[in-house]
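Observations on chain architecture
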Amino acid sequence: IGSSQPKDTIYTEKAAMRIYALQPERALQIIDSAEIVGNLTNVKAELLRAIVYSRSIESMQYDSAILIAERLMENDEVLSNDKLKEDVLEVLLNACRMDQDFEQALYWATQLRDSYQADGKETETLRIDAEIGTLLVNVGQQEEGMAKIEAVIQQLDLLSEPKSFNNLDASAYGDEESREYY
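Residues numbered from 1 in each chain as written. Predicted model: local features only at pLDDT ≥ 70, side-chain atom pairs only at ≥ 80, totals over all residues. Heavy atoms only, no water.

Looking only at helices and strands, the chain has 10 helices and 0 strands in total. Traced from its N-terminal end to its C-terminal end, the chain shows the element sequence α-α-α-α-α-α-α-α-α-α. Split into buried and exposed, the 182 residues of the chain put 34% on the buried side. (Helix = DSSP H or I, 4+ residues; strand = E, 2+ residues; numbered from the N terminus. Buried < 20%, exposed > 50% of the residue type's maximum accessible area, 1.4 Å probe, protein only.)

And the structure:
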């Protein structure tokens, strides 16, 4: 007689991510347990481990984050899910930047930018473009990096057009659609 594991345990993604900054070891234990009881898939558990390692203050942890995330970038489930892939690329970018491997960070940032652009995520694309500009400066390509940052600033200026009277009018009444402007 097989019995399923309870889903109402403390071993959840939310529990691990709530404490990982202050208690990374405990967060990793929760992730392991959540995977064991079936609350997390292997891929999701690996991603969460990589996130915990990538946000550590110890450089050895960045290496672990990079190894896990690089392995995930070879996983069909990750490659077929844009959100999951972008999450893994964010981990790789962050871990490489924190490890001061700016050339590798630039490589992952470029892939992340391409993915965001393909998904039509304009804000995220601009954020990564700014990051790419900073990374270019860090790898000694000062002019190209500053030009990239300037292009992002110009694009942001274009996006921040004055709001129309209708949008301002709607915001005075506090409707849901107008809230995104503030």
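Right, picking up where we left off after that structure.
Let's shift gears to the nonpolar core. The nonpolar side chains of a soluble globular protein tend to be buried with one another. Formed by 42 residues in total, the largest nonpolar core has its most connected members in I31, V88 and L92. Elements that contribute at least two residues to this core include exactly α1 (13-19), α2 (24-36), α3 (42-54), α4 (59-72), α6 (82-98), α7 (102-118) and α8 (122-138). Residues within four places of V88 in sequence aside, it is in contact with L47, A69, L72, M73 and V78. (Core = buried A, V, L, I, M, F, W, Y, C linked by side-chain atoms within 4.5 Å. Contact = heavy atoms within 4.5 Å.)

Attention now goes to the pattern of salt bridges. In this structure the tally under the stated criterion is 11 salt bridges. Of the charged contacts, one joins E35 and R49 as a salt bridge, the two residues approaching to 2.6 Å between their closest N and O atoms. Of the two residues, E35 is situated in helix α2 and R49 in helix α3; the sequence distance between them amounts to 14 residues. Residue E35 is classed as partly exposed on the basis of its relative accessible area of 24%. You can call R49 buried: its relative accessible area is 11%. Through salt bridges with shared partners, one network takes in D32, E35, E46, R49 and R71. (Salt bridge = Lys/Arg side-chain N within 4 Å of Asp/Glu carboxyl O.)

On average, the chain scores 84 in pLDDT, and the residues at 70 or more come to 82%. Between the elements of the chain, mean pLDDT differs from a low of 40, seen in helix α10 (residues 165-173), to a high of 97, seen in α7. Note that pLDDT drops below 50 for residues 1-6; the model gives that stretch 2 contacts with residues more than four away or on any other chain. pLDDT under 50 marks residues 163-182. Its contacts with residues more than four places away, or in other chains, come to 11 contacts. (pLDDT = per-residue confidence, 0-100.)

Attention shifts here to the packing of aromatic side chains. According to the stated counting rule, one finds 1 aromatic pair in the structure shown. With 4.8 Å between their ring centres and 70° between their planes, Y107 and W108 make a pair best called edge-to-face. (Phe/Tyr/Trp six-rings, centres within 6.5 Å; stacked < 30°, edge-to-face > 60°.)

Inspection of the secondary structure puts D129 in helix α8. A relative accessible area of 7% places D129 in the buried class. Those residues in contact with D129, other than ones at most four positions away along the chain, are R113, K148 and V152.

We now examine unusual backbone geometry. A positive phi angle, close to 60°, is found at Q100, a residue other than glycine. Looking at the element boundaries, Q100 is found in the loop between α6 and α7.

Moving on to the environment of V78. Here V78 lies in helix α5 (residues 76-79). Separated by 31 residues in the primary sequence, V78 and L47 have C-alpha atoms spaced 9.8 Å apart. With sequence-adjacent residues up to four places away left out, V78 is seen in contact with V43, L72, M73, L84, K85 and V88.

Direction vectors running N to C along α7 and α8 enclose 160°, while the axes themselves pass 9 Å from each other. Classified by the interaxial angle, the pair formed by α7 and α8 is roughly antiparallel. Viewed along their axes, α7 and α8 form a crossing whose handedness is left-handed. Along its contact with α7, which presents F102, A105, L106, A109, T110, L112, R113, Y116 and Q117, the element α8 presents E124, T125, R127, I128, D129, I132, L135, L136 and N138. Partitioned by chemical class, the residues of the contact of α7 with α8 number 10 nonpolar, 4 polar and 4 charged. (Axes fitted to C-alpha atoms, helices over the stretch in contact; angles between N-to-C directions. Parallel < 35°, antiparallel > 145°, perpendicular 65-115°, else oblique. Left-handed = near helix turned anticlockwise from the far one by under 90°. Nonpolar A, V, L, I, M, F, W, Y, C, P; charged D, E, K, R; others polar.)

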